[in-house]
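Close look at the chain arrangement
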There are 2 protein chains.
Amino acid sequence: MSISSNEITQLFNIEKPIIQAGMIWASGWRLASAVSNAGGLGIIGSGSMYPEILREHIKKCKAATDKPFAVNVPLLYPNIKEHIQIIIDNKVPIVFTSAGNPKTYTGILKAAGIKVVHVVSSSKFAQKAEAAGCDALVAEGFEAGGHNGREETTTFVLIPAVKEKVNIPVIAAGGIANGRQMLAAMILGANAVQIGTRFIASEEASCHINFKNAVLAAGEGDTKLSLKKLTPVRLLKNEFYMHIKNAENQNASVEDLTTLLGRGRAKKGMFEGDLNRGELEIGQACTHLKTIQPAMEIVNEIWNEYNVLLNSFHK
Amino acid sequence: MSISSNEITQLFNIEKPIIQAGMIWASGWRLASAVSNAGGLGIIGSGSMYPEILREHIKKCKAATDKPFAVNVPLLYPNIKEHIQIIIDNKVPIVFTSAGNPKTYTGILKAAGIKVVHVVSSSKFAQKAEAAGCDALVAEGFEAGGHNGREETTTFVLIPAVKEKVNIPVIAAGGIANGRQMLAAMILGANAVQIGTRFIASEEASCHINFKNAVLAAGEGDTKLSLKKLTPVRLLKNEFYMHIKNAENQNASVEDLTTLLGRGRAKKGMFEGDLNRGELEIGQACTHLKTIQPAMEIVNEIWNEYNVLLNSFHK
């Protein structure tokens with residue numbers, strides 16, 4: 001038997017090795033608790049939350065599920081210290097950190113009895129995360145939505161490469177939207193999968209319906225890894241993306257791009273539903289989406305498809 | 001049972017669903033015949049050959065193997081008509097076409113009893129290839145070496161997307177270097193795999209030893225899809241790549257880039273071994289390469305690893 005999901009399900013004390021990605025303006029307590037109640041691991045995306053909002057989401061999530069859930073913390077977030085304290089005070093069992101150095105907070109979180117997972121896009125950073133004491137890591141391929149690495153290594157190459165370099169469990173992310181892709185990721189060496197894009201098309205995602213519908217309508221070639229001079233981010237191509245692209249084609253400076261990006265772009269697009277002027281973060285897996293479903297149905301559908309495929313080999 | 005390789009092995013009359021990619025300056029008769037003799041499908045890459053050279057390689061390949069082999073024909077090649085005639089005259093059993101419209105030559109080749117496979121990087125072009133009468137297609141992900149599509153869709157997303165849209169067999173390409181990746185590609189829906197990068201690290205590849213060694217030394221982030229204003233091509237990062245990158249950052253025109261590329265860059269790099277001034281085409285799978293091996297050993301190693309993994313599910 002060459003697939004092992006036990007490391008992750010035991011580490012998090014969950015039933016199914018399906019983890020919902022922390023997504024700004026989309027993954028609050030409703031989505032996180034629904035995924036956890038379905039036997040996966042739900043994650044509150046704190047990157048779009050002020051400290052008091054995060055505290056409220058954690059409390060509501062605890063009220064909505066007695067299963068484990070996690071909070072995703074982008075380490076470059078300005079309110080990071082308050083966020084970490086709120087997470088510790090409220091005894092959140094698991095934290096996923098991203099976009100920063102795992103050395104800074106892993107020790108503090110682990111000392112508080114919290115499991116720590118760091119998101120990486122290369123073997124080099126995977127080794128750093130392991131050295132920092134992380135319990136597991138997410139290896140995120142080029143096709144993933146939102147912020148990503150500069151190396152552009154795809155899930156197909158990244159998962160085996162990372163798996164060869166670390167001993168802690170590896171969660172595959174990027175391009176996974178169904179049970180077939182989940183099984184492929186597990187074959188490549190993953191111990192679990194993290195799924196973002198598919199959960200945007202969930203009833204519980206707190207993003208705007210305009211954004212959900214735009215994601216459903218998107219297909220191959222409709223997303224692009226952009227803003228590589230700042231932090232690379234995979235965006236849905238829209239009017240705002242075209243402004244960025246034109247500026248980049250004119251060799252715009254970091255300052256120019258920062259000004260063009262402005263503040264509140266992601267909120268405008270994903271939360272307020274302004275599809276023209278907003279920033280819309282989504283992965284290539286939007287190609288596979290067909291409809292908006294309850295999160296529990298998504299988890300069960302992926303899990304069933306995965307098991308039917310896996311069991312078909314035993315016959 | 002959810003994996004089917006019979007469509008391709010029966011179509012080509014080969015033993016193993018492992019196809020070596022046609023690669024300019026690397027895949028002549030020696031490599032093609034070695035792969036075919038190992039039970040896979042070897043391909044002569046005609047894109048770097050004058051007509052008389054192609055004729056010679058076909059004859060030598062026939063003398064070196066009595067197994068089926070193929071010729072890869074980039075449809076934008078200037079000597080295309082002569083190449084097609086040589087292929088027909090010499091009764092090459094299978095042709096892989098790429099970089100052009102499959103309508104133009106598929107009918108002519110099929111009328112001569114030749115199996116035709118077209119290389120695509122999107123579902124849209126997959127459907128066009130099927131409509132043109134192709135017997136099968138190669139779906140090539142973003143991570144693949146050499147020329148590629150503009151949509152940047154990765155193998156993980158592309159294979160299921162294409163599989164959903166066509167009924168002809170699909171050969172997965174891009175990021176596949178070992179039996180584990182082969183099994184993942186088959187799980188995603190592929191009926192066979194096409195492997196390029198791994199065969200660069202073969203004894204029989206006709207490229208320069210400097211290039212082979214540079215490919216062995218390369219890892220994550222060392223390749224980049226470049227020259228998107230011309231025809232996108234995945235290159236190993238070297239001095240020449242940096243010139244291209246700097247020009248692109250300065251918003252260089254198509255004409256400027258064409259001039260910078262010049263003539264004979266690929267030959268200089270891959271055949272003559274000029275690692276600084278030459279163009280070096282390779283895929284992200286270079287990350288997985290460890291050593292230079294005989295092509296037959298590569299085929300058998302991948303095939304054995306694939307079968308051991310597959311059989312581990314039956315226990």
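Quick caveat, the model's predicted, so the values are computed rather than measured.

Some details on the interface of chain A and chain B
Where interface size is given, it is often the accessible area lost as the parts come together that is meant. Between chain A and chain B, the contact holds 36 residues from the first and 36 residues from the second. Listing elements by their share of the side of chain A that touches chain B, those giving two or more residues are helix 7 (155-165), helix 8 (179-187) and helix 14 (295-312) of chain A. Each residue belonging to the side of chain A that touches chain B can be placed in one class, and the counts come to 13 nonpolar, 18 polar and 5 charged.

Concerning the nonpolar core
Ranked by internal contacts, the top residues of the largest apolar core, which has 192 residues, are Leu 137 and Ile 171 of chain A together with Leu 137 and Ile 171 of chain B. Those residues in contact with Ile 171 of chain B that sit more than four places away from it in its chain are Ile 8, Ile 19, Ala 136, Leu 137, Val 138, Ala 190, Asn 191, Ala 192, Val 193 and Gln 194 of chain B.

Some thoughts on the relation of the copies chain A and chain B
With an RMSD of 0.0 Å, the fit of chain A onto chain B corresponds to turning through 180° and sliding 0.0 Å along the axis. Here the copies are linked by what is in effect a two-fold axis. Interface overlap between copies is the fraction of interface residues in one copy that are interface residues in the other; for chain A against chain B it reaches 100%, indicating a shared surface.

Considerations on the packing of helix 2 (residues 29-37) of chain A against helix 14 of chain A
All names here are of chain A. The contact between helix 2 and helix 14 brings their axes to 8 Å, and the two run at 40°. As the angle between them shows, helix 2 and helix 14 are arranged oblique. Read as a crossing pair, helix 2 and helix 14 show a hand that is right-handed. Only Ala 295, Met 296 and Val 299 of helix 14 make contact with helix 2, whose side of the interface consists of Leu 31, Ala 34, Val 35 and Asn 37. Of the residues in the contact of helix 2 with helix 14, the class split is 6 nonpolar, 1 polar and no charged.

Focus: the sheet that holds strand 1 (residues 18-20) of chain B
Sheet strands line up and pair through hydrogen bonds in the backbone, either parallel or antiparallel. All names here are of chain B. Reading across from one edge, 1-9-8-6-5-4-3-2 is the order of the 8 strands in this open sheet, with parallel pairing throughout. Each having just a single partner strand, strand 1 and strand 2 (42-45) make up the two edges of the open sheet. Pairs of neighbouring strands in the sheet enclose a mean axial angle of 25°, with direction left out of account. The pairing of strand 6 (residues 136-140) with strand 8 (residues 170-173) spans 4 bridges and is parallel. Pairing of Leu 137 across the sheet is with Val 170, part of strand 8. Together, strand 5 (115-120) and strand 6 form the strand contacts of helix 6 (residues 123-131), whose direction differs from that of strand 5 by roughly 165°.

Focus: the domain arrangement of chain A
All names here are of chain A. We note that the domain assignment places domain 1 (6-207 + 288-307) and domain 2 (209-284) within chain A. A straight line from the C-alpha centre of domain 1 to that of domain 2 covers 22 Å. If you list the elements that add at least two residues to the side of domain 1 that touches domain 2, you get strand 7 (146-147) and helix 9 (197-200). Considered class by class, the residues forming the side of domain 1 that touches domain 2 number 11 nonpolar, 10 polar and 3 charged.

Describing the sheet that holds strand 8 (residues 170-173) of chain A
Residue and element names in this part refer to chain A. On the basis of which strands lie adjacent, the open sheet formed by 8 strands has the order 1-9-8-6-5-4-3-2 and parallel pairing. Taken across any chain shown, the strands that pair with only one partner, and hence form the sheet edges, are strand 1 (18-20) and strand 2 (42-45). The mean angle between the axes of side-by-side strands here comes to 25°, regardless of whether they run parallel or antiparallel. Note: strand 8 against strand 9 (residues 192-195), 3 bridges, orientation parallel. Among the inter-strand pairings, Ile 171 is bridged to a residue of strand 9, identified as Ala 192. In the packing of helix 2 onto the sheet, contacts are made with strand 1, strand 2 and strand 3 (69-74), and the angle to strand 2 comes to roughly 165°.

Quick look at the confidence of the model for chain A
Residues of chain A with pLDDT of at least 70 account for 99%, and the chain-wide mean is 96. Interface confidence for the predicted complex, given as ipTM, is 0.97, next to a pTM of 0.97.

What to know about unusual backbone geometry
Residues and elements named next belong to chain A. Positive phi outside glycine occurs at Trp 25, with the angle close to 65°. Among the secondary structure elements, Trp 25 is positioned in the loop between strand 1 and helix 2. A residue is classified by how many C-beta atoms lie within 10 Å of it, and Trp 25, with 25 of them, is buried. Positive phi outside glycine occurs at Ala 99, with the angle close to 50°. Mapped onto the secondary structure, Ala 99 falls in the loop between strand 4 (94-98) and helix 5 (103-111).

Topic: helix 8 (residues 179-187) of chain B
Counting buried residues in helix 8 of chain B gives 9 out of 9 residues, a clear majority hidden from the surface. Those residues of helix 8 of chain B that sit buried are Gly 179, Arg 180, Gln 181, Met 182, Leu 183, Ala 184, Ala 185, Met 186 and Ile 187 of chain B.

Calculation rules
- Residues numbered from 1 in each chain as written.
- Chains lettered and ligands numbered in written order.
- Predicted model: local features only at pLDDT ≥ 70, side-chain atom pairs only at ≥ 80, totals over all residues.
- Contact = placed C-beta atoms within 7 Å.
- Helix = DSSP H or I, 4+ residues; strand = E, 2+ residues; numbered from the N terminus.
- Nonpolar A, V, L, I, M, F, W, Y, C, P; charged D, E, K, R; others polar.
- Core = buried A, V, L, I, M, F, W, Y, C linked by C-beta atoms within 7 Å.
- Buried ≥ 20, exposed ≤ 12 C-beta atoms within 10 Å, placed from the backbone.
- Least-squares fit on C-alpha atoms with pLDDT ≥ 70 in both.
- Axes fitted to C-alpha atoms, helices over the stretch in contact; angles between N-to-C directions.
- Parallel < 35°, antiparallel > 145°, perpendicular 65-115°, else oblique.
- Left-handed = near helix turned anticlockwise from the far one by under 90°.
- Pairing = 2+ DSSP bridges.
- Domains from an automatic or database assignment.
- pLDDT = per-residue confidence, 0-100.

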